[in-house]
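# Examining the three-dimensional arrangement
Listed below are the residues making up each chain.
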Amino acid sequence: QLKLVESGGGLVQPGGSLRVSCVASGFTFENHAFGWFRQIPGREREGVACIGTKATSVLYSGSVRGRFTISRDNANNTVYLQMNSLTSEDTGVYYCAAGLWWGLVVDHYDKWGQGIQVTVSS
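The sections below set out a description of the structure shown in this document. (Residues numbered from 1 in each chain as written. Predicted model: local features only at pLDDT ≥ 70, side-chain atom pairs only at ≥ 80, totals over all residues. Heavy atoms only, no water.)

### Some remarks on the pattern of salt bridges
Inspection of every chain in the model, using the stated rule, returns four salt bridges. With a closest N to O distance of 2.8 Å, Asp90 and Arg67 form a salt bridge. A residue pair is termed long-range when its members are at least 10 positions apart, and Asp90 in the loop between β8 (78-83) and β9 (92-99) and Arg67 in the loop between β6 (58-60) and β7 (68-73) qualify at 23 residues. For the pair Asp90 and Arg67, a shared accessibility class is recorded, and that class is buried. Several salt bridges share partner residues, and in doing so they unite Arg38, Glu46, Arg67 and Asp90 into one network. (Salt bridge = Lys/Arg side-chain N within 4 Å of Asp/Glu carboxyl O. Helix = DSSP H or I, 4+ residues; strand = E, 2+ residues; numbered from the N terminus. Buried < 20%, exposed > 50% of the residue type's maximum accessible area, 1.4 Å probe, protein only.)

Shown next, in the form of structure tokens:
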């Protein structure tokens, strides 16, 4: 059964850090690119980071570049998003996605996790 399961979200204070994880199963992990997207109520889902089948191929949105780091562990079928220097504007539901084309474009991905809440607040 194809699954993407996110974990590690929660409440963090401004300036803090959080790492979210995504464990994949049911498909060939190493053949897929992965992206992290977030959605804020009233706004469209936006891509924040993606990683290709080669771990050196990464891309970040301008709003998170320099603060977020995406990585993948092919041995454990897991993708990570390390988030540092968080602000209230990073609050939202974060989704892990997998696809055969990488990029910060929703339509590039055909497999999605259920999403996990990240709240940045004092």
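We are not done yet, so read on.
### What about the environment of Gln13?
Residue position: Gln13 is located in the loop between β2 (10-12) and β3 (18-25). Looking at Gln13, the relative accessible area reads 55%, which means it is exposed. Taking the C-alpha atoms as reference points, Gln13 and Gly42, separated by 29 residues in sequence, lie 23 Å from one another. Apart from the residues within four sequence positions on either side, Gln13 is in contact with Val120 and Ser121. (Contact = heavy atoms within 4.5 Å.)

### Points about the environment of Gln117
By the secondary structure assignment, Gln117 is in strand β11 (residues 116-120). Since its relative accessible area comes to 40%, Gln117 is described here as partly exposed. When the C-alpha atoms of Gln117 and Gly10 are compared, they prove to be 6.1 Å apart, with 107 residues separating the residues in sequence. Not counting residues within four places of it along the chain, the set of residues in contact with Gln117 comprises Gly9, Gly10, Thr91, Gly92 and Val93. A distance of 3.5 Å separates a polar side-chain atom of Gln117 from the backbone oxygen of Gly92. (Polar contact = N/O pair within 3.5 Å; in protein donor to acceptor, adjacent residues only side chain to side chain.)

### Brief notes about the packing of aromatic side chains
Evaluation of the coordinates by the stated rule reveals five aromatic pairs. Look at Phe37 and Tyr109: their rings are 5.3 Å apart centre to centre, the planes differ by 75 degrees, and that puts the pair in the edge-to-face class. On the criterion of sequence distance, the pair formed by Phe37 in strand β4 (residues 33-39) and Tyr109 in the loop between β9 and β10 (111-112) is long-range, its members being 72 residues apart. The pair formed by Phe37 and Tyr109 is uniform in burial state, with each residue classed as buried. Grouping aromatic residues by their ring pairs yields a cluster made of Phe27, Phe29 and Phe34. The ring centre of Tyr95 lies 3.7 Å from the NZ or CZ of Arg45, which sits over that ring. When the ring centre of Phe27 is taken as reference, the NZ or CZ atom of Lys111 above it lies at 5.3 Å. (Phe/Tyr/Trp six-rings, centres within 6.5 Å; stacked < 30°, edge-to-face > 60°. Lys NZ or Arg CZ within 6 Å of the ring centre and 35° of its normal.)

### With respect to the state of the cysteines
If you walk through the whole model with that rule in mind, you get one disulfide. Disulfide pairing is shown between Cys22 and Cys96; the S-S distance is 2.1 Å. The sign of the -75 degrees torsion about the S-S bond sets the Cys22-Cys96 disulfide as left-handed. Within this pair, whereas Cys22 is found in strand β3, its partner Cys96 is found in strand β9, the two being separated by 74 residues in sequence. Its sulfur unpaired, Cys50 is 12 Å from the next cysteine sulfur, which belongs to Cys96. Cys50 sits in the buried class, given a relative accessible area of 0%. (Disulfide = S-S within 2.5 Å.)

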